[in-house]
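Examining the three-dimensional arrangement
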Amino acid sequence: DTILLDLPSSSSIGHSAAAMVSGRLFSALIGDKIHRATKELLLNSPMFVRFAQESSQAAKGAFDQAVKKAEPVISKGVSAEAAQVAWKQGRTALRDLERKATQTMKSKR
């Protein structure tokens, strides 16, 4: 039982290296142009346009649904702000009333 290894010859190694270099050179020279052309072709394809429209409609529906769910919380937040402002105004009015009462008591003495 002899196992024979198929080792590449030095000439095939040289061809592989040359092919790798030429592949890199090819990629460097026209890779960007191929990338742009492919991108343009895919973005303008009817399938992509339909996908974009459908996903936009789905996103709009999800956004509208999120707004509907958040509306009561936002309203409570706004009314909480209004309650906080009213509470501060009430505290200010109470302090003013106490100050006037104290001044009135002092003036009667």
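Anyway, here's the lowdown on the structure attached to this text. (Residues numbered from 1 in each chain as written. Predicted model: local features only at pLDDT ≥ 70, side-chain atom pairs only at ≥ 80, totals over all residues. Heavy atoms only, no water.)

Another point: the packing of aromatic side chains. All chains considered together, the criterion is met by one aromatic pair. Consider the rings of Phe48 and Phe51, whose centres lie 6.2 Å apart with planes at 45°: the pair is tilted. Here Phe48 and its partner Phe51 are both found in helix 2 (residues 46-108), three residues apart, which amounts to about one turn of the helix. Overall, the relative accessible area of 33% leaves Phe48 in the partly exposed class. Judged by relative accessible area, Phe51 falls into the exposed class, the value being 53%. (Phe/Tyr/Trp six-rings, centres within 6.5 Å; stacked < 30°, edge-to-face > 60°. Helix = DSSP H or I, 4+ residues; strand = E, 2+ residues; numbered from the N terminus. Buried < 20%, exposed > 50% of the residue type's maximum accessible area, 1.4 Å probe, protein only.)

Below, the discussion takes up the pattern of salt bridges. Following the criterion strictly, the structure yields three salt bridges and no others. Of the charged contacts, one joins Arg36 and Asp32 as a salt bridge, the two residues approaching to 2.3 Å between their closest N and O atoms. Here Asp32 and Arg36 lie together in helix 1 (residues 10-43), a separation of four residues that amounts to about one turn. A relative accessible area of 43% places Asp32 in the partly exposed class. (Salt bridge = Lys/Arg side-chain N within 4 Å of Asp/Glu carboxyl O.)

Taking 1.5 Å of rise per residue, 63 residues should cover 93 Å, and helix 2 covers 90 Å from first to last C-alpha, within 8% of that figure. Along its length, helix 2 shows its largest kink, about 40°, at Ala70, and proline Pro72 lies within four residues downstream of that point. (Expected span 1.5 Å × (residues − 1). Bend = angle between axes of the 7 residues up to and from the residue.)

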